[in-house]
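Residue-level listing of the chains:
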Amino acid sequence: MKSAIRDARTLCEELRLPPGVAESAGRAAEGFPIFVPRPFLARMQPGDIRDPLLRQVLPLDEELRPQPGFSADPVGDGEATHGPGLLRKYTGRALLITTGACAIHCRYCFRRHFPYEEAPKSLAAWHDALEAIAADGSIHEVLLSGGDPLTLVDETLEALVERLAAIPHLRRLRVHSRLPVVIPRRVDDRMLAWFTGTRLTPVMVIHANHPNELDAEVAESVGRLIAAGVPVLNQAVLLRGVNDRVETLAELSERLLDIRVTPYYLHQLDRVAGAAHFEVPVAEGQRLIEQLRSRLPGYAVPRYVQEIAGDSHKRVLA
């Protein structure tokens, strides 16, 4: 993460992009900074402004144009907050915002405006959230989210997971992370030890949107998780100019299955301010799913879903 690219000029120079791109990207990055790890950068095609991985991280002037229906909190995180760092949306589950740090800044991120300064910054600061989970016997699963929980050091995560494992009614620990994809080396022995070392059943949800994200290092990363007995699922977001073709989505599912990852969800874009240029109409997404069903076995077709603020579950669109 220390070597990640953090400015538009460096990003454009390394990818040999036209000179004017850096100026535009710099303007758009003022409100939401660039952060691109080099293992992810290495999978991009130099000189191609339309590269699907570059498009996910390159700021554009479109981000600065307000669009009706797009907001700072499109999924209702604010209303679902039950104390610092604790979100409750769905029955039986609780979500912990473990950190505001992330291993990559995706321009469509639905939490790009989230007030991370209000989230706990130490294990002691998690006391109230852990007490609330312990007091509610209906909670069987805790999700570690962020930002990206795997940007925290293993000592912190190990201590937090031990505290969770001590709550008798919890059964599963789910981690949502982009790190196994963007910095595959993060999945090491120490990380696997705390993730699989308690009585809680571990589940990993990774995030890849395009087949070009899944190189040999990613395959090795998720392979270590699977060898340790961890189910690995993938969530993707349907993105204009990235994966809005049936050929791309089919190849994404095929490559995921090749590395033993289950295609889990294809999300309709959360309507976060600054991301309108990524939106694909729902009807188009539904057509893509129908085309996938004609090409792939049923287990290879992700559920096409949308998160609606206030709903008791994700809405299945196809």
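Predicted model only: the values in this text are computed from it and were never measured.

Visitor: Would you mind going over the pairing of strand S4 (residues 172–176) in detail, with residue names and values included?
Guide: Within S4, four of the five residues are buried, which leaves it mostly tucked inside the rest of the structure. Note: strand S3 (residues 141–145) against S4, four bridges, orientation parallel. Bridge pairing in S4 places Val142 opposite Leu173. The parallel pair S3 and S4 is bridged by helix H7 (residues 154–165), and the resulting crossover is right-handed.

Visitor: I'd like to hear about the pairing of strand S8 (residues 303–306), residue by residue, with values.
Guide: Of the pairings in the sheet, the one linking strand S7 (residues 262–267) to S8 comprises three bridges and is parallel in character. The residue bridging Tyr265 from the neighbouring strand is Arg303, located in S8. Tracing the backbone out of S7, into helix H12 (residues 282–295) and back to the parallel element S8 gives a crossover that is right-handed. Note that S8 and strand S9 (residues 315–316) share two bridges and pair antiparallel. Its bridge partner being in S9, Gln306 is matched across the sheet by Arg315.

Visitor: I'd like a rundown of unusual backbone geometry, residues and numbers included.
Guide: Following Gly146, the chain continues into Gly147 via a peptide bond in cis, with omega recorded as 25 degrees. When you line up the elements, Gly147 lands in the loop between S3 and H7. Phi is positive for Arg16, which is not a glycine, with a value near 55 degrees. Relative to the assigned elements, Arg16 resides in the loop between helix H1 (8–14) and helix H2 (19–28). Positive phi, normally seen in glycine, also occurs at Arg260, with a value near 70 degrees.

Conventions and cut-offs
- Residues numbered from 1 in each chain as written.
- Predicted model: local features only at pLDDT ≥ 70, side-chain atom pairs only at ≥ 80, totals over all residues.
- Heavy atoms only, no water.
- Buried < 20%, exposed > 50% of the residue type's maximum accessible area, 1.4 Å probe, protein only.
- Helix = DSSP H or I, 4+ residues; strand = E, 2+ residues; numbered from the N terminus.
- Pairing = 2+ DSSP bridges.
- Right-handed = clockwise from strand over helix to strand, strands pointing away.

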